[in-house]
Amino acid sequence: MSHLPYIVAAYGATALVIGALIVWVSADTRAQKRRLQELEKAGPRRQARGTAA
Amino acid sequence: MGVVSSLANPTRFLSWSSRLLPIVSVLAALTLAVGVYWSLFVAPPDYQQGDSVRIMFIHVPAAYLAMFCYVVMAAAALGTLVWRHPLADVSARAAAPIGAAFTFLALFTGSVWGKPMWGAWWVWDARLTSVLVLFIMYLGLIALWRAFDDPSRGAKVAAILILVGFINIPVIKFSVDWWNTLHQPASIVRMDGPTIDPSMLWPLLVMIAGYTLTFIALHLAAMRAEIYRRRARTTEMLIAARPASTAVRPTEAAATGAPPHTAH
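Residues numbered from 1 in each chain as written. Chains lettered and ligands numbered in written order. Predicted model: local features only at pLDDT ≥ 70, side-chain atom pairs only at ≥ 80, totals over all residues.

(A) Summary view of the overall build of chain A. Along the backbone of chain A there are two helices and zero strands. Taken over 53 residues, chain A has a buried fraction of 26%. (Helix = DSSP H or I, 4+ residues; strand = E, 2+ residues; numbered from the N terminus. Buried ≥ 20, exposed ≤ 12 C-beta atoms within 10 Å, placed from the backbone.)

This is the structure we're talking about:
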């Protein structure tokens, strides 16, 4: 295969960047969801149900 | 319009996107796998460029997505300014890092392809320069959003900047026709049809489909993360603003990431 180093560099960089995007977006989604769940647990949700009635 | 508006409700979006995301992700992985195999091992080498033409199969979809992502952001900017839809700014903000990544890939793979074909890693050609401007615009928009502590305040400014920057998209597209450039003119979307041989056109179209599905999956996931981030921020503010005895359920106000209305 001619120009192999250029082809490897191009496909390698593409795999790296798209892979990094997938990891970053997945980790961010999990982190934000966990943060929201922890806040909702810590928040005054139960009292609100009790006082609203 | 009513159906779109209904699906774009943040809570409904989280519900339907959680079901759609795995399907799109699997489809993207399968399409990319077929496309990469076809591009590297089945498509023939070019009679002039040899095997370096295989870079085209990842360069063209990245360049197309770099522009497509900005078009999505421009549509979202209109949604922010005209309809003030809560999900519009979420969509634009989630798309920006993805657009920046694909623009970087278009520049990098183009450079790596340019060296053996043109003899230069980079030339200040109209196409290359306008894509570099697009990359800088993506970075500028990401920095702008980060500069605002309250996302709702930054949304309008970012939307205006996105729409102003949209002028660069037709410049990128038609730069090869308007100026005498080293970059080749369009060879797929042409009035007289594609000029690429079907043996190379088909794997290229499969790769474009794979990249598009990857973008959709990443964008949906990034939008979900942004909605959770804004809800968490609003919930934090509600907890900080209200004494426990008078507190109301923070999740209601946080549903769209809207700032809390504190009682005085």
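(B) Spatial organisation of unusual backbone geometry. One non-glycine residue, Arg 84 of chain B, adopts positive backbone phi at about 50°. As for its placement among the helices and strands, Arg 84 of chain B is situated in the loop between helix 3 (56–83) and helix 4 (86–118).

(C) Local environment of the confidence of the model for chain B. Considering every residue of chain B, the mean pLDDT works out to 88; 89% of them sit at 70 or more. Note that pLDDT drops below 50 for residues 260–264 of chain B; the model gives that stretch eight contacts with residues more than four away or on any other chain. (pLDDT = per-residue confidence, 0-100. Contact = placed C-beta atoms within 7 Å.)

(D) Representation of the environment of Tyr 37 of chain B. Residues and elements named next belong to chain B. Checked against the element boundaries, Tyr 37 lands in helix 2 (residues 10–42). The class of Tyr 37 is partly exposed, set by 13 C-beta atoms lying within 10 Å. Separated by 28 residues in the primary sequence, Tyr 37 and Leu 65 have C-alpha atoms spaced 21 Å apart.

(E) Structural detail: the packing of helix 1 (residues 4–42) of chain A against helix 8 (residues 198–241) of chain B. Helix 8 of chain B packs onto helix 1 of chain A with a crossing angle of 25° between their chain directions and a minimal axis gap of 8 Å. Here helix 1 of chain A is positioned roughly parallel relative to helix 8 of chain B, judged by the angle of their axes. In the crossing of helix 1 of chain A with helix 8 of chain B, the sense of the turn from one axis to the other is left-handed. A class-by-class count of the residues in the contact of helix 1 of chain A with helix 8 of chain B yields 13 nonpolar, five polar and eight charged. (Axes fitted to C-alpha atoms, helices over the stretch in contact; angles between N-to-C directions. Parallel < 35°, antiparallel > 145°, perpendicular 65-115°, else oblique. Left-handed = near helix turned anticlockwise from the far one by under 90°. Nonpolar A, V, L, I, M, F, W, Y, C, P; charged D, E, K, R; others polar.)

(F) Representation of the interface of chain A and chain B within the structure. At the interface, 29 residues of chain A touch 35 residues of chain B. At the level of elements, helix 1 and helix 2 (45–52) of chain A are the ones that each hand at least two residues to the side of chain A that touches chain B. Among the elements that line the side of chain A that touches chain B, the one with the most residues is helix 1 of chain A, at 21 residues.

(G) Region of the structure containing helix 1 of chain A. The end-to-end C-alpha distance of helix 1 of chain A, which contains 39 residues, comes to 56 Å, matching closely the 57 Å that a straight helix rising 1.5 Å per residue would cover. Within helix 1 of chain A, the full set of buried residues consists of Tyr 6, Ile 7, Ala 10, Thr 14, Ile 18, Leu 21, Val 25, Thr 29, Gln 32, Leu 36 and Leu 39 of chain A. Where the residues of helix 1 of chain A are buried, they touch helix 3, helix 4 and helix 8 of chain B. (Expected span 1.5 Å × (residues − 1).)

(H) Looking closely at the environment of Ala 106 of chain B. Residue and element names in this part refer to chain B. With respect to the secondary-structure elements, Ala 106 resides in helix 4. Taking the number of C-beta atoms within 10 Å as the measure of exposure, Ala 106 has 26 and is therefore buried. Separated by 48 residues in the primary sequence, Ala 106 and Ile 58 place their C-alpha atoms 8.2 Å from one another.

(I) Focus on the nonpolar core. Core analysis: the biggest nonpolar cluster contains 75 residues, and Ala 62, Ala 66, Cys 69, Met 73, Ala 92, Ile 98 and Phe 102 of chain B have the highest contact counts within it. Taken together, the elements giving at least two residues each to this core come down to helix 1 of chain A together with helix 2, helix 3, helix 4, helix 5 (126–147), helix 6 (151–165) and helix 8 of chain B. Counting residues per element, this core draws most heavily on helix 8 of chain B, which supplies 18 residues. (Core = buried A, V, L, I, M, F, W, Y, C linked by C-beta atoms within 7 Å.)

(J) Main features of helix 3 of chain B. Between its first and last C-alpha atoms helix 3 of chain B spans 39 Å; for 28 residues at 1.5 Å apiece the expected length is 40 Å, and the two agree. Downstream of helix 3 of chain B by a residue or two, Arg 84 of chain B has a phi angle that is positive, lying close to 50°.

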